[in-house]
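Structural features, examined
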Amino acid sequence: MPAQMRAVLAGVVLLVLAACGSPAEGPAAGPSAERSLILATTTSTQDSGLLDELLPAFTEATGWGVKPIAVGSGQAIEMGRRGEADVLLVHSPAAEEEFVAEGTAGRRLLVMHNDFVLLGAEADPAGVRGLAVDEAMRRIAASGAVFVSRGDESGTHAREKSLWEQAGVEPAGAGYQETGQGMGATLRVAAEKAGYTLADRATYLSQPDGLAVLVEGDPGLLNVYHVIEVTTRAGDRVQPEAATAFADWITGTDAQQRIGEFGRAEFGQPLFVPDAGKPDPTG
């Protein structure tokens, strides 16, 4: 074969190899477009930085890429209900149980917990510091002080509404203001207005400027997270194998260790407590 022809053929071979790429060798080769799942989760897991810690490790371990969509728990559950997500990581137990009872979900597994805290300006105009949460909510309402609510049907908003109900109070008036936004944005608004608000501790610790913890440790402030698998009964686009992979991983040893260490170096305490395999406090 003439040398010129051999050179042409060699060039063609190199172009074909470049176009095809070398074969992937396991998860370390990175996720493909076909192995990408949608995770519907809460703004607290994003705003606290937990997703940045967990998702790359999950992809490395399994080969599944993740597209996280951080919304309120209520919106995340609605995405699961419509088959628009493969798996959920949420913290609204009553809404979760209702969704699972409908029959389109798979397993609902305990993942972790932290707690809610009632926050306000250091001056504490309603005088709620150190009170039981029910009495604190009553005093805030009676004082007419500003209370900034997420107002977005998230897990935090659902808990806030239940706290008002338990306190026998219907929040209203100019002092009660809803942002319709996530936890980080709501904290910023509350700080600007020197108002009170309810937040998960993890997001508060990651951006605490301008607000102080005034009420904490009450049993009514426990904040529990579950992973919920979505199944094809919710829609044909759902990837049940992806849901299973994520649920198995986040309740496994590596993820649980990562959760237990997250925040410890920066804040002197973990932002979440790993709970997989423990009795579920929400039943």
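Residues numbered from 1 in each chain as written. Predicted model: local features only at pLDDT ≥ 70, side-chain atom pairs only at ≥ 80, totals over all residues. Heavy atoms only, no water.

1. Re the overall build of the chain
On a plain count of helices and strands, the chain comes out with 12 helices and 10 strands. A buried classification covers 47% of the 283 residues belonging to the chain. In the chain, of all internal contacts separated by at least 6 residues, the share reaching a separation of at least 24 is 75%. With an accessible surface of roughly 13100 Å², the chain has 54% of that area assigned to carbon and sulfur atoms. (Helix = DSSP H or I, 4+ residues; strand = E, 2+ residues; numbered from the N terminus. Buried < 20%, exposed > 50% of the residue type's maximum accessible area, 1.4 Å probe, protein only. Contact = heavy atoms within 4.5 Å. Areas by Shrake-Rupley, 256 points an atom, 1.4 Å probe, with all protein chains shown as cover.)

2. Regarding helix 11 (residues 253-261)
Among the residues of helix 11, those classed as buried are Ala255, Gln256, Ile259 and Gly260. Projected down its long axis, helix 11 carries its buried residues within an arc of 135°, all on one side. Opposite the packed face of helix 11, turned more than 90 degrees from it, sit the exposed residues Thr253 and Gln257. Positive backbone phi, at 95°, marks glycine 263, one or two positions downstream of helix 11. (Arc of directions from axis to C-beta.)

3. A word on the packing of aromatic side chains
For the structure on display, the rule yields 6 aromatic pairs. On the numbers, 5.2 Å between centres and 75° between planes, the contact of phenylalanine 58 with phenylalanine 246 is edge-to-face. Here the residue phenylalanine 58 occupies a position in helix 3 (residues 50-62), and phenylalanine 246 occupies one in helix 10 (residues 240-250), the gap between them amounting to 188 residues. Neither phenylalanine 58 nor phenylalanine 246 differs from the other in exposure class; each is buried. Considering the side-chain rings of phenylalanine 147 and tryptophan 164, the 5.1 Å spacing of their centres and the 70° angle between planes classify their relative orientation as edge-to-face. With a gap of 17 residues between them, phenylalanine 147 in strand 5 (residues 147-149) and tryptophan 164 in helix 7 (residues 155-166) connect regions that are remote in the sequence. The residues phenylalanine 147 and tryptophan 164 share a single accessibility class, namely buried. Through a chain of ring-to-ring contacts, the aromatic side chains of Phe58, Phe246 and Trp249 assemble into a single cluster. (Phe/Tyr/Trp six-rings, centres within 6.5 Å; stacked < 30°, edge-to-face > 60°.)

4. Description of the environment of alanine 94
Along the chain, alanine 94 falls in helix 5 (residues 93-101). The spatial distance from the C-alpha of alanine 94 to the C-alpha of arginine 159 is 10.0 Å, given a sequence separation of 65 residues.

5. Let's talk about the confidence of the model for the chain
Scored by pLDDT, the chain has a mean of 89; 88% of the residues are at 70 or more. In the predicted structure, residues 1-31 sits below a pLDDT of 50 and forms 12 contacts with residues beyond four places in sequence or in another chain. (pLDDT = per-residue confidence, 0-100.)

6. Some words on the nonpolar core
Grouped together as the largest cluster of nonpolar side chains are 40 residues, with contacts concentrated most on Leu37, Leu39, Phe246, Ile250 and Phe272. With 7 residues, the top contributor of residues to this core is helix 10. Residues within four places of isoleucine 250 in sequence aside, it is in contact with Leu54, Leu89, Val111, Val227, Ala255, Gln256 and Ile259. In this structure, Val128, Ala145, Val169 and Leu198 belong to the second largest nonpolar core, which totals 21 residues. (Core = buried A, V, L, I, M, F, W, Y, C linked by side-chain atoms within 4.5 Å.)

7. Describing unusual backbone geometry
Of note in the backbone geometry, aspartate 124 takes a positive phi value of approximately 50° without being a glycine. You can see aspartate 124 is positioned in the loop between strand 4 (105-120) and helix 6 (133-143). Taking the relative accessible area as the measure of exposure, aspartate 124 reaches 8% and is therefore buried. Even without being glycine, alanine 194 reaches a positive phi, approximately 50°. Residue position: alanine 194 is located in the loop between helix 8 (183-192) and strand 7 (197-200).

8. Section: the pairing of strand 3 (residues 87-90)
Side-chain alternation along strand 3 places Val87 and Leu89 on one buried face and Leu88 and Val90 on a second face that is also buried. Pairing geometry for strand 1 (residues 36-42) and strand 3, over 3 bridges, is parallel. Considered in strand 3, the bridge of threonine 41 is made with leucine 89. (Pairing = 2+ DSSP bridges.)

9. Considerations on the side chain of serine 149
Looking at the element boundaries, serine 149 is found in strand 5. A distance of 3.1 Å separates a polar atom in the side chain of serine 149 from the backbone nitrogen of glycine 151. In terms of polar contacts, serine 149 uses its side chain to reach the side chain of glutamate 160, at 2.6 Å. Discounting residues that sit within four places of it in the chain, serine 149 has contacts with His157, Glu160, Tyr176, Gln177, Glu178, Thr179, Gly180 and Thr186. (Polar contact = N/O pair within 3.5 Å; in protein donor to acceptor, adjacent residues only side chain to side chain.)

10. Some points on helix 3
Here helix 3 spans 18 Å end to end across 13 residues, near enough to the 18 Å set by a 1.5 Å rise per residue. Every buried residue of helix 3 is listed here: Leu50, Leu51, Leu54, Leu55, Ala57, Phe58, Thr59 and Thr62. The elements touched by buried residues of helix 3 are strand 1, helix 2 (43-47), strand 2 (65-71), strand 4, helix 10 and helix 11. The positive-phi residue at the C-terminal boundary of helix 3 is glycine 63, with phi of around 85°. (Expected span 1.5 Å × (residues − 1).)

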